Amino acid sequence: MACGLRGGARGWRGREVPEDTYTFNPECNRIGNDDYKRYVRQPELWRDVANLRVGQNIYTFVRWCSRAMQEVVQVIVTLDECLTAVQLAFAAVKGTLETSVKAWRGYKEGSQAYA
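Residues numbered from 1 in each chain as written. Predicted model: local features only at pLDDT ≥ 70, side-chain atom pairs only at ≥ 80, totals over all residues. Heavy atoms only, no water.

Undergrad: How should I be thinking about the overall build of the chain in this particular structure?
TA: Along the backbone of the chain there are 3 helices and 0 strands. Across the chain, helices and strands are ordered from the amino to the carboxyl terminus as α-α-α. The buried share among the 115 residues of the chain stands at 3%. Here the chain has roughly 10500 Å² of accessible surface; of this, 60% comes from carbon and sulfur atoms. (Helix = DSSP H or I, 4+ residues; strand = E, 2+ residues; numbered from the N terminus. Buried < 20%, exposed > 50% of the residue type's maximum accessible area, 1.4 Å probe, protein only. Areas by Shrake-Rupley, 256 points an atom, 1.4 Å probe, with all protein chains shown as cover.)

Undergrad: How do you make sense of a nonpolar patch on the surface when you look at a structure like this?
TA: Residues Trp 46, Val 49, Leu 52, Val 54, Ile 58, Phe 61, Val 62 and Trp 64 make up a contiguous nonpolar surface patch of about 840 Å² in total accessible area. Of all the secondary structure elements, the ones that give two or more residues to the nonpolar patch are helix H2 (43–50) and helix H3 (54–114). Considering every element that reaches the nonpolar patch, the biggest residue donor is H3, with 5 residues. Of note, Trp 64 is situated in helix H3. (Patch = residues over 30% accessible without salt bridge, like charges linked within 9 Å, V, L, I, M, F, W, Y side chains within 5 Å. Salt bridge = Lys/Arg side-chain N within 4 Å of Asp/Glu carboxyl O.)

Undergrad: I tried to follow the packing of aromatic side chains on my own but got confused; where do I start?
TA: Using the criterion set out here, one finds 1 aromatic pair in the structure. An angle of 25° between the planes, with centres 6.2 Å apart, marks the rings of Phe 61 and Trp 64 as stacked. On the criterion of helical spacing, the pair formed by Phe 61 and Trp 64 is a turn pair, its members being 3 residues apart in helix H3. A residue is classified by how much of its surface remains accessible, and Trp 64, at 53% relative accessible area, is exposed. (Phe/Tyr/Trp six-rings, centres within 6.5 Å; stacked < 30°, edge-to-face > 60°.)

Undergrad: Can you walk me through the pattern of salt bridges in this structure?
TA: Two side chains bearing opposite charge may form a pair once their charged atoms approach each other closely. Counting across every chain of the model gives 3 salt bridges. For Glu 27, the salt bridge is made with Arg 30, and the minimal N-O distance between the two is 2.3 Å. Of this pair, Glu 27 and Arg 30 are both found in helix H1 (residues 26–40), 3 residues apart, which corresponds to roughly one turn of the helix. Take Glu 27: its relative accessible area is 35%, and that puts it in the partly exposed class.

Undergrad: Help me understand the confidence of the model for the chain in this model?
TA: It should be kept in mind that the predicted coordinates are not to be read in detail where pLDDT is low. Per-residue confidence for the chain averages 78 on the pLDDT scale, and 74% of its residues sit at or above 70. Of all secondary-structure elements in the chain, the lowest mean pLDDT belongs to H2, at 81, while H3 reaches the highest, 85. (pLDDT = per-residue confidence, 0-100.)

In structure tokens:
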């Protein structure tokens, strides 16, 4: 029994189905749905799904991401502390230079007064 779309119709992902490739049969949908329902109602299927280690793997991955983010935050904090230290150093250098320039201007003005 052929199931699917009529030829010339748009199939999955918008691809055109060639003419006379598929015939439409509503009975096929009913059979497919019944098979699917029978399959998903198997108790051992869900027991097997529950026993998969996917949950543990996701938990491990999230823990790893959390640790990585903590390390990134620590690096950012360290960089911020370094930036603060550099800003303080530049402020001190700026203050020293301003004092030196004032002293030099005072010396220059005093020298010219005696000339």
